[in-house]
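One-letter residues, chain by chain:
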Amino acid sequence: MNVPTPSDLKALSGRTLIALAALASLVLVALAGLVFPDSFAGVLLGIITSRSALGATLRLSVPIVFAALGGIFAEKSGVINIGLEGLLIISAFAAVLGTDLLVGDGEATQMMLFGGLAIGVLASTLLALLFAVVCIEFRADQIIAGLAVWLIALGLAPFASQVFYGGPNSKSVGTFDTITIPVLSEIPFFGAMFDATPTVYMMFVAVAASWFVLNRTSFGYWVRAAGENPKALDTVGVDVSRVRYAAVTLSGVLSGIGGGALALSIGQFSGNGPTMVNGKGFIAIVAYLFGNYNPIGALGSTMLFAGLDAVQLRLQLLESVTVPSSLVQTIPFVTVIVVLALVGKTRIPEAAGEHYDSGEDR
């Protein structure tokens, strides 16, 4: 039996270590849960393998995945958009307000909810476009501009809620119905994937479409070139600024879907503290970095974070679990910190964060 040497372990990437650690943890929990079904490991195994846990994981993944996809397009083009949290916040409020205005005194229909979602996307897109103008046209520091987007949304959305609803929380406007696919929805555990809200299906379509656009279309090549070698892209006659504007605007569209989906999955906007978004935009940044700017990788890492979040929510409801709820709530965030510490070799685009004027040095 060959025992790995320290040099062999050092050669493993951070992602490989995390994947092996996660797999080993699952195996240990499974074995302990099977041998001692009444123990904490048994309870945890029951939660992890439940259909409801997968359903909750998918619902919690939606806003993070959409924001991560938006972040990938922006950063791949050379614009670092850390304002994803702000885009989620503003779109969440706008989606609820838009739905409320469409409903009026009547009852919300699914079409009205999609209309509200579109309004949320519009609000997020406009804010992203403002961010793009400040960063591309006026060459502002992208990190500072991104923080400004977050802070503006963090203050504006609860203030607007106070104006329209008399408090930081809006009234309930309805939620998306579940779409059940016959036969497939009956599959044990994985059937939850086919018994979900429309935004969950949209998430999977968006991941596949984003991967295809980035890797199989001319626009995707332009986006990647704008972030890696903008001078070469400019040399062949493609306007780098336009590509970056398009990519950042697309990040606003995708983040808008995520924020609107989050609010309309609950049916209202909550503006207390960090708002209902509660750091999901920042987790999205970690997700696409961990996924190495790959939409599929971002989905996988998001499922990890969301899965842990779903588990901690279930654990808080169990009287048999004696672990303090405040400690349980930290599980997803501790995982994010561990991932950030271990994944140190993600290669960001060469020109990310750098300004470029089309035509310079040609």
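Computed from a predicted structure; not experimentally measured. (Residues numbered from 1 in each chain as written. Predicted model: local features only at pLDDT ≥ 70, side-chain atom pairs only at ≥ 80, totals over all residues. Heavy atoms only, no water.)

Can you explain the overall build of the protein? Please cite residues and give values.
A tally of helices and strands in the protein yields 15 helices and two strands. By the burial criterion, 47% of the 362 residues in the protein qualify as buried. Across the protein, every contact between residues at least 6 apart in sequence was considered, and the portion connecting residues at least 24 apart equals 75%. Summed over its atoms, the accessible surface of the protein is roughly 17,200 Å², and 68% of this surface lies on carbon and sulfur atoms. (Helix = DSSP H or I, 4+ residues; strand = E, 2+ residues; numbered from the N terminus. Buried < 20%, exposed > 50% of the residue type's maximum accessible area, 1.4 Å probe, protein only. Contact = heavy atoms within 4.5 Å. Areas by Shrake-Rupley, 256 points an atom, 1.4 Å probe, with all protein chains shown as cover.)

Could you give an account of the packing of aromatic side chains, with specific residues and numbers?
Counting across every chain of the model gives five aromatic pairs. Between Phe-93 and Phe-269 the ring centres are 5.4 Å apart and the planes differ by 75 degrees, which places this aromatic pair in the edge-to-face class. Linking Phe-93 in helix H5 (residues 84-103) with Phe-269 in the loop between helix H11 (240-266) and helix H12 (280-290), this pair joins segments that are 176 residues apart in sequence. Take Phe-269: its relative accessible area is 0%, and that puts it in the buried class. Relative to Phe-176, the ring of Phe-114 lies with its centre 4.9 Å away and its plane at 50 degrees, an arrangement referred to as tilted. Within this pair, whereas Phe-114 is found in helix H6 (residues 110-137), its partner Phe-176 is found in the loop between helix H7 (142-165) and strand S1 (179-180), the two being separated by 62 residues in sequence. Since its relative accessible area comes to 30%, Phe-114 is described here as partly exposed. (Phe/Tyr/Trp six-rings, centres within 6.5 Å; stacked < 30°, edge-to-face > 60°.)

An account of unusual backbone geometry is requested, with residue identities and associated values reported.
A positive phi angle is found at Arg-139, which is not glycine, with a value near 55 degrees. Note that Arg-139 resides in the loop between H6 and H7. The phi angle at Val-183 is positive, at roughly 70 degrees, despite the residue not being glycine. In this fold, Val-183 is placed in the loop between S1 and strand S2 (195-196).

Please provide a residue-by-residue account of a nonpolar patch on the surface, values included.
A cluster of nonpolar residues, Ile-152, Leu-156, Phe-159, Val-163 and Phe-164, forms a patch on the protein surface that exposes about 520 Å² of accessible area. With respect to the helices and strands, the residue Ile-152 is situated in helix H7. The partly exposed category is assigned to Ile-152, whose relative accessible area is 44%. (Patch = residues over 30% accessible without salt bridge, like charges linked within 9 Å, V, L, I, M, F, W, Y side chains within 5 Å. Salt bridge = Lys/Arg side-chain N within 4 Å of Asp/Glu carboxyl O.)

Describe the pattern of salt bridges, naming the residues involved and giving the relevant values.
It is possible for side chains bearing opposite charge to pair when their charged atoms get close. With the rule as written, the count across this model stands at six salt bridges. Between Arg-51 and Asp-195 there is a salt bridge whose closest N-O contact spans 3.5 Å. Pair noted here: Arg-51 is in helix H4 (residues 51-76) and Asp-195 is in strand S2, with a separation of 144 residues, a long-range link. By relative accessible area, which is 31% here, Asp-195 ends up partly exposed.

For helix H8 (residues 198-216), give the residues involved together with the corresponding values.
With 19 residues, H8 extends 26 Å from end C-alpha to end C-alpha; this agrees with the ideal 27 Å at 1.5 Å per step. Of the residues making up H8, those classed as buried are Pro-198, Thr-199, Val-200, Tyr-201, Met-203, Ala-206, Val-207, Ser-210 and Leu-214. (Expected span 1.5 Å × (residues − 1).)

Describe the nonpolar core, naming the residues involved and giving the relevant values.
One finds Met-203 and Tyr-288 to be the most contacted residues of the largest nonpolar core, which totals 82 residues. Ranked by size, the runner-up nonpolar core spans six residues in total, among them Val-29, Leu-44, Leu-45 and Leu-315. (Core = buried A, V, L, I, M, F, W, Y, C linked by side-chain atoms within 4.5 Å.)

Now, about the side chain of Ser-255: what can you tell me, with residues and values included?
Examined against the element boundaries, Ser-255 turns out to sit in helix H11. What makes Ser-255 buried here is its relative accessible area of 0%. Within polar-contact distance, the side chain of Ser-255 engages the backbone oxygen of Ser-251 at 2.9 Å. The contacts of Ser-255, once residues within four sequence positions are left out, are Phe-66, Ala-67, Leu-84, Leu-87, Leu-88, Ser-91 and Ser-124. (Polar contact = N/O pair within 3.5 Å; in protein donor to acceptor, adjacent residues only side chain to side chain.)

Residues and numbers for the packing of H5 against H6, please.
Closest axis-to-axis distance for the H5/H6 pair is 7 Å, and the angle between their directions is 140 degrees. Considered as vectors, H5 and H6 are oriented oblique to each other. With respect to the hand of their crossing, H5 and H6 are arranged in right-handed fashion. Together, Gly-86, Leu-87, Ile-90, Ser-91, Ala-94, Ala-95, Gly-98, Thr-99, Leu-102 and Val-103 of H5 and Met-112, Leu-113, Gly-115, Gly-116, Leu-117, Ile-119, Gly-120, Ala-123, Ser-124, Leu-127 and Ala-128 of H6 make up the contact between the two elements. (Axes fitted to C-alpha atoms, helices over the stretch in contact; angles between N-to-C directions. Parallel < 35°, antiparallel > 145°, perpendicular 65-115°, else oblique. Left-handed = near helix turned anticlockwise from the far one by under 90°.)

Give me the lowdown on the confidence of the model for the protein, citing residues and values where you can.
Averaged over every residue, the pLDDT of the protein is 88; residues scoring 70 or more account for 89%. H8 holds the highest mean pLDDT among the elements of the protein, 98, whereas helix H1 (residues 6-11) holds the lowest, 45. (pLDDT = per-residue confidence, 0-100.)

Go over the packing of H5 against H11, please, and point to the residues and values.
One way to put it is that H5 packs onto H11 with a least axis distance of 7 Å and a crossing angle of 55 degrees. Looking at the two axes, H5 sits oblique to H11. The element H5 and its partner H11 pack so that their crossing is right-handed. The residues of H11 that touch H5, namely those facing Leu-84, Leu-87, Leu-88, Ser-91, Ala-92, Ala-95, Val-96 and Thr-99, are Ser-251, Gly-252, Ser-255, Gly-256, Gly-258, Gly-259, Gly-260, Ala-263 and Leu-264. Per-class residue counts for the contact of H5 with H11 are eight nonpolar, nine polar and no charged. (Nonpolar A, V, L, I, M, F, W, Y, C, P; charged D, E, K, R; others polar.)

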